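Secondary and tertiary structure notes
Next come the chains, spelled out residue by residue.
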Amino acid sequence: MTALRGSVRNTTLTATVDYAPANALLIAAWFDADGRLLGAKTVTLGGGSEHRHFTADVNAAKCKLFLVDKASFVPLCAAVEAGRG
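Predicted model, so just to flag it, every value in this text is computed and none were measured.

**Some remarks on the sheet that holds strand β2 (residues 12–20)**
With antiparallel pairing, the three strands of this open sheet are ordered in space as β1-β2-β5. Pairing within the sheet leaves two strands with one partner each, and these edge strands are β1 (3–9) and β5 (48–55). Ignoring strand direction, the axes of neighbouring strands in this sheet form an average angle of 15°. Here β1 pairs with β2 via seven bridges, running antiparallel. Each bridged residue has a counterpart across the sheet, and for Arg9 the counterpart in β2 is Thr12.

Right under this line is the structure:
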């Protein structure tokens, strides 16, 4: 079963993905305290287990991770939210 975990330390957002299918799209997004999107990055995964690091906006109050099918954008697992630590 595909699993997604995330953590934030300072401005580094770390995503850990287990059992991802090949060509899954990992989306990292960060938001201000009012919920406004400040930025996002995407990366295509090769399948299996991977760790990815993103640099979040310094004004981000929270970060979210999404793992979707690259072709259809259908979610492969629940989204993950992490606050700044």
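**Examining the pattern of salt bridges**
Scanning the entire structure with this criterion turns up five salt bridges. Arg52 is the partner of Glu50 in a salt bridge, and the nearest nitrogen-oxygen pair spans 2.8 Å. For Glu50, a relative accessible area of 15% puts it in the buried group. Overall, the relative accessible area of 27% leaves Arg52 in the partly exposed class. Residues Lys62 and Glu81 are paired through a salt bridge, measuring 3.9 Å at the closest nitrogen-oxygen approach. Here Lys62, found in strand β6 (residues 62–69), pairs with Glu81, found in strand β7 (residues 80–83); they are 19 residues apart in sequence, far enough to count as distant.

**Considerations on the side chain of Asp32**
Note on placement: Asp32 falls in the loop between β3 (24–31) and β4 (37–44). At 2.9 Å, the side chain of Asp32 forms a polar contact with the backbone nitrogen of Arg36. Not counting chain neighbours up to four residues away, the residues in contact with Asp32 comprise Leu38, Asn59 and Ala61.

**A few points about unusual backbone geometry**
Of note in the backbone geometry, Asn10 takes a positive phi value of approximately 55° without being a glycine. The topology assignment puts Asn10 in the loop between β1 and β2. Phi angles above zero are rare outside glycine, and Phe73 is one such case at about 65°. As for its position among the elements, Phe73 is in the loop between β6 and β7.

**Let's talk about the nonpolar core**
Within the largest apolar cluster, 21 residues are counted, with the highest numbers of intra-cluster contacts made by Leu4, Leu13, Leu26, Trp30, Phe54, Leu65 and Leu67. Sorting the residues of this core by element identifies β1, β2, β3, β6 and β7 as the ones contributing at least two each.

**Let's talk about the pairing of β6**
With eight bridges joining them, β3 and β6 adopt antiparallel strand pairing. Its bridge partner lying in β6, Leu26 is registered against Leu67. Sheet topology note: the β6/β7 ladder contains four bridges and is antiparallel. Note on β7: the bridge partner recorded for Lys62 is Gly83.

Criteria and cut-off values
Residues numbered from 1 in each chain as written. Predicted model: local features only at pLDDT ≥ 70, side-chain atom pairs only at ≥ 80, totals over all residues. Heavy atoms only, no water. Pairing = 2+ DSSP bridges. Helix = DSSP H or I, 4+ residues; strand = E, 2+ residues; numbered from the N terminus. Axes fitted to C-alpha atoms, helices over the stretch in contact; angles between N-to-C directions. Salt bridge = Lys/Arg side-chain N within 4 Å of Asp/Glu carboxyl O. Buried < 20%, exposed > 50% of the residue type's maximum accessible area, 1.4 Å probe, protein only. Polar contact = N/O pair within 3.5 Å; in protein donor to acceptor, adjacent residues only side chain to side chain. Contact = heavy atoms within 4.5 Å. Core = buried A, V, L, I, M, F, W, Y, C linked by side-chain atoms within 4.5 Å.

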